[in-house]
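# Tertiary structure, described
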Amino acid sequence: MSKALAKSLSQLNKALVRKLNALIIRAQPPPARPPDGGRVSTLDALPASGGVAVCKVEGGLLRSSSTFPYFMLVALEAGGLLRGLLLLLLYPFLSMLGHGRAIKAMAAVCFVGLRKDTFRAGRAALPRLLLEDVSAEVFDAAFRRRVVCVSAMPRVMVEPFLREYLGVDAVVAPEMREMRGRFLDVMQGESEVLRGLDVEMVIAREKEKAGGDVVVGVGGLGSSFSQLFQKHCKEVYVPTESARRRWHALPRRRYPKPLIFHDGRIAFRPTPAATLAMFMWLPLGAALAVARIATFLLLPFSLSVPILAALGMHGRLIVSNSGAAASTTNLFACNHRSLLDPLYVAAAAGRTDLAAATYSISRLSEILSPIPTFRLTRDRAADRAAMQAKLSGDVGRGGGGLVVCPEGTTCREPYLLRFSPLFAELGRDVTPVALHSEVGMFHGTTAGGWKALDPLFLLMNPVPAYIVQFLDTISCGGGGGGPEAARAVANEMQRRIAEALGYTCTGLTRRDKYLMLAGNEGLVDNKKTAASATT
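Residues numbered from 1 in each chain as written. Predicted model: local features only at pLDDT ≥ 70, side-chain atom pairs only at ≥ 80, totals over all residues. Heavy atoms only, no water.

This paragraph deals with the overall build of the protein chain. Along its length, the protein chain carries 22 helices and 16 strands. Within the protein chain, buried positions represent 49% of all 535 residues. Considering only intrachain contacts with a sequence separation of at least 6, the fraction spanning at least 24 residues in the protein chain is 76%. Counting only carbon and sulfur atoms, one obtains 57% of the accessible surface of the protein chain, whose full area is about 24500 Å². (Helix = DSSP H or I, 4+ residues; strand = E, 2+ residues; numbered from the N terminus. Buried < 20%, exposed > 50% of the residue type's maximum accessible area, 1.4 Å probe, protein only. Contact = heavy atoms within 4.5 Å. Areas by Shrake-Rupley, 256 points an atom, 1.4 Å probe, with all protein chains shown as cover.)

Under the local residue numbering, the UniProt record ascribes the feature "transmembrane region" (unreviewed entry) to residues 70–94 and 290–311. Here residues 70–94 runs as 92% helix and 0% strand, with 14 Å between its end C-alpha atoms. End C-alpha to end C-alpha, residues 290–311 measures 11 Å, and it is 86% helix and 0% strand. (UniProt positions renumbered as here; feature names shortened; annotations may be inferred.)

Moving on to the packing of aromatic side chains. Taken as a whole and assessed by the stated rule, the structure comprises eight aromatic pairs. Geometrically, the ring pair formed by Phe111 and Phe183 is edge-to-face, given 5.4 Å between the ring centres and 90° between the ring planes. On the criterion of sequence distance, the pair formed by Phe111 in helix 6 (residues 99–111) and Phe183 in strand 5 (residues 182–186) is long-range, its members being 72 residues apart. Judged by centre distance (5.5 Å) and plane angle (65°), the rings of Phe442 and Phe457 are edge-to-face. (Phe/Tyr/Trp six-rings, centres within 6.5 Å; stacked < 30°, edge-to-face > 60°.)

What follows concerns the sheet that holds strand 1 (residues 52–56). With parallel pairing, the five strands of this open sheet are ordered in space as 3-2-1-6-7. The open sheet has two free edges, formed respectively by strand 3 (170–172) and strand 7 (235–237), since each of these has just one partner strand. This sheet shows a mean twist of 20° between the axes of neighbouring strands, independent of strand direction. The sheet contact formed by strand 1 and strand 6 (residues 215–218) spans four bridges and is parallel. Each bridged residue has a counterpart across the sheet, and for Cys55 the counterpart in strand 6 is Val218. Across the sheet, helix 10 (residues 155–165) is in contact with strand 2 (146–150) and strand 3; its angle to strand 3 comes to roughly 160°. (Pairing = 2+ DSSP bridges. Axes fitted to C-alpha atoms, helices over the stretch in contact; angles between N-to-C directions.)

Bringing helix 15 (residues 272–298) into the picture now. Here helix 15 contains 27 residues, and its C-alpha end-to-end distance of 39 Å stays within 8% of the 39 Å for a straight helix at 1.5 Å per residue. Roughly 45° is the biggest bend found in helix 15, and it falls at Leu282, with proline Pro283 one to four residues downstream. Of the residues making up helix 15, those classed as buried are Thr275, Met278, Phe279, Trp281, Leu282, Gly285, Leu288, Ala289, Arg292, Ile293, Thr295 and Phe296. (Expected span 1.5 Å × (residues − 1). Bend = angle between axes of the 7 residues up to and from the residue.)

We now examine the nonpolar core. By size, the foremost hydrophobic cluster in this structure holds 111 residues, and its most contacted members are Leu61, Phe71, Leu87, Phe111, Leu162 and Leu166. Shared between two domains, this core takes at least three residues from each, and those domains are domain 1 (39–254) and domain 2 (298–518). Excluding residues that lie within four positions of it along the chain, Leu166 makes contacts with Leu61, Leu131, Val134, Phe139, Phe143, Phe161 and Pro256. One finds Ala355, Leu402, Ala424 and Leu471 within the second-largest nonpolar core, a separate group that totals 28 residues. (Core = buried A, V, L, I, M, F, W, Y, C linked by side-chain atoms within 4.5 Å. Domains from an automatic or database assignment.)

It is worth spelling out the pattern of salt bridges at this point. By the definition in use, this model includes 22 salt bridges. The salt bridge partner of Asp133 is Arg269, with a shortest N-O separation of 3.5 Å. You can see Asp133 sitting in the loop between helix 8 (126–131) and helix 9 (136–142) and its partner Arg269 sitting in the loop between helix 14 (241–246) and helix 15, a full 136 residues away along the chain. The exposure class assigned to Asp133 is buried, which follows from its relative accessible area of 4%. One network of salt bridges, with partners in common, ties together Arg155, Glu159, Arg163 and Glu175. (Salt bridge = Lys/Arg side-chain N within 4 Å of Asp/Glu carboxyl O.)

This part is about the sheet that holds strand 14 (residues 431–438). Strand order in the open sheet formed by seven strands is 8-15-14-9-12-10-11, with mixed pairing between adjacent strands. Looking at which strands have only one partner, the edges of the open sheet turn out to be strand 8 (314–319) and strand 11 (373–375). Sheet twist, expressed as the mean angle between neighbouring strand axes with direction ignored, is 25°. The pairing of strand 14 with strand 15 (residues 465–470) spans six bridges and is antiparallel. Bridge pairing in strand 15 places His436 opposite Ile467. Taken strand by strand, helix 21 (residues 482–501) contacts strand 9 (331–334), strand 14 and strand 15, and its axis lies near 40° from that of strand 14.

Turning next to helix 16 (residues 301–310). Along helix 16, the positions that sit buried rather than exposed are Phe301, Ser304 and Leu308. Burial along helix 16 is one-sided: seen end-on, the buried residues are contained in an arc of 65°. For helix 16, exposure combined with an orientation more than 90 degrees from the buried face picks out Ser302 and Ala310. Contacts made by the buried residues of helix 16 are with helix 15 and helix 17 (341–349). Phi turns positive one or two residues past the end of helix 16, at Gly312, with a value near 100°. (Arc of directions from axis to C-beta.)

The next subject is unusual backbone geometry. The phi torsion at Arg180 lies on the positive side, around 55°, for a residue other than glycine. You can see Arg180 is positioned in the loop between strand 4 (176–179) and strand 5. For Arg180, a relative accessible area of 82% translates into the label exposed.

Relative to strand 15, strand 8 is paired through six bridges, and the arrangement is parallel. Bridge pairing links Val319 to Phe470 in strand 15.

A cluster of nonpolar side chains, Leu297, Leu298, Leu299, Leu303 and Ile307, forms an exposed patch at the surface whose accessible area comes to about 440 Å². Mapped onto the elements of the fold, Leu299 is located in the loop between helix 15 and helix 16. Residue Leu299 is classed as partly exposed on the basis of its relative accessible area, which comes to 32%. (Patch = residues over 30% accessible without salt bridge, like charges linked within 9 Å, V, L, I, M, F, W, Y side chains within 5 Å.)

In this section: the environment of Leu166. Relative to the elements of secondary structure, Leu166 occurs in the loop between helix 10 and strand 3. Judged by its relative accessible area of 4%, Leu166 is buried. Each C-alpha atom, one on Leu166 and one on Val134, is 9.8 Å from the other, the two residues being 32 residues apart in sequence.

What follows is the structure, given as structure tokens:
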């Protein structure tokens, strides 16, 4: 009897469970799917072209699933070392938050208190880091049509990179709240932004411009983005973490706009581990920089070069067939990589009589320079006469050789800026010098920072490296050919150095660089500090 009762109760229980499940299923709405379609398993399954692509930046366009390096770069470059240290200390807690909340917290740490009118990290420093993380696969699939990019990061961080370097048609991202010209925090979360009417208007406008109704999506991190898929996208690709690991970086040659200028001190990708290593290195790096500076100042080249090599400063000398000219030529013209360019040229040539012709450098850099510096004034006639007198005088009376950097400012990337023809108007034979430098932790140049610290940051790198290559001497024909002949010599000099280094020639100038990175024309205030740039 008991067995029969237990069996009947068990059957009744199963029937009740089935009934309840059926009621729950009928009460729930059907799973949300994009209209007229659904998810696709590969990027190749998306339509080949046409219409509009809606692409999530974090985890979609970008290969990395972490936004921490981008916020750390903002904290270090715009806020300083203390703000960066605070963000690093908060990393364990940030990793326990969801995608949207973590971004809100990092934005608060990085932005609160910064002046809006002086914030240039989004335009000057972040594009390099973001471009290196762009997925070639997503770029090929999505950027064959009009593109709307959606990001949970603040607009001031991502919009310059997306619009100027990738040519994105529209950007949907949170705005930063501000008060009295200073940032406070993120105004809206990602879900609030996506629910706003602006998104509807943006997608409708892009569909009208594309001349079609097909909207495809590339998903990423954050669940709120699925709402946009459901309403607008016909087909959607949502990558998994394993799929992102198989993606490849977009090659530099395929950038829609070449990355020629960028600013900031940080030369590495500031992941949590790499940033921790940087903070641990700082005390040792500062002591090492002081030791290197003392070696430069106190010892002759015959002793300082091997000692500096033992201290981690690596250099390589390449001499052309007419390499003997380095010991007899008095005028050297090189591309500009850092403040140490003239010093490396003098050391490689074994010449103590060479001076660095500079537009203007900080007083600290002049004091620390182991070779003489020769100031130029930007008065073309006066500078030409002064350089001619310097080259014509005796070494004992202040004469000797000159090292000039005709680009007028430094360029970190494999490009050469336009060469000023002033050096070619002197009527002297010129030895071209091709320079290539590599740093692993800090950049020793800046357009918007404190330039007096340039030598310190450069010498704090664990293993800075330089390649110095002397090329065949170019004759300037006595300087009697006029401005056109001088311009031809300058262009030939630029071409030869670019060919030796594998760089690309451009027609850009110092003014172009500073307008882009610092918002000014690069005119230097000598009372504060200045760039080590020659004309």
